[in-house]
Every structure is written in C-alpha cells, then in structure tokens.
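# Overview (structure and organization)
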Amino acid sequence: DAEEEEAEEAARAEAWLALDIFGAEDVSDVGGGAPIYKEFAFEDWALMGLGFELHLLCHAFTHDVADPERIGIHLDNLQF
C-alpha cells in the first residue's frame, strides 16, 4: 500500500511538472482540484503584485492626463 501511494504521488508530481500553465482554462483547478498557484513562493506573489501595480499605473496615467495626444506612457520614460 505504501508503494502504491508513493507511485500515485510520483505520478501527480510528474503531471504537475508537465502542466501547460498557458493552456489552463481555470487557474483555481488545473487538475485534481489543485490551484495553479499552490506552489507559489513569496517572490511569485511579489512579482504578481508588481505587475498589477504597473497595470494600474498605466491606466491611471491615461485617465489623469486626459489628453488625446498622450495615449499612454512613452517608452523613453520607462528607462529609469
């Protein structure tokens, strides 16, 4: 029985490593009820938060400027 459990665990680990994250239809259940973010570490959450804050910054800039000639942030301003 212990060997069967180890074999199941190995099969689950192999399936997890072979998972195509870009093809997942539901990030909260990518197989066996496991969410795609179940193995996230602190760094992963920090990068996700940074990406969201940059997204908000871009949209807030467009909203605050309200100038049809400035539709976004120019690439030259991102090199700081």
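Report follows, based on the coordinates. As the structure is a computational prediction, the values presented were derived from the model and not from experiment. (Residues numbered from 1 in each chain as written. Predicted model: local features only at pLDDT ≥ 70, side-chain atom pairs only at ≥ 80, totals over all residues. Heavy atoms only, no water.)

### Some thoughts on the overall build of the protein
Within the protein one finds 2 helices and 0 strands. Dimensions of the protein along its principal axes, counting C-alpha atoms only, are 70 × 25 × 15 Å. A total accessible area of about 7400 Å² is found for the protein, and carbon and sulfur atoms account for 58% of it. (Helix = DSSP H or I, 4+ residues; strand = E, 2+ residues; numbered from the N terminus. Areas by Shrake-Rupley, 256 points an atom, 1.4 Å probe, with all protein chains shown as cover.)

### A closer look at a nonpolar patch on the surface
A surface patch of nonpolar side chains, about 460 Å² in accessible area, is lined by Val 27, Tyr 37, Phe 40, Trp 45 and Met 48. Here Met 48 lies in helix H2 (residues 42-65). Given a relative accessible area of 45%, Met 48 falls into the partly exposed group. (Patch = residues over 30% accessible without salt bridge, like charges linked within 9 Å, V, L, I, M, F, W, Y side chains within 5 Å. Salt bridge = Lys/Arg side-chain N within 4 Å of Asp/Glu carboxyl O. Buried < 20%, exposed > 50% of the residue type's maximum accessible area, 1.4 Å probe, protein only.)

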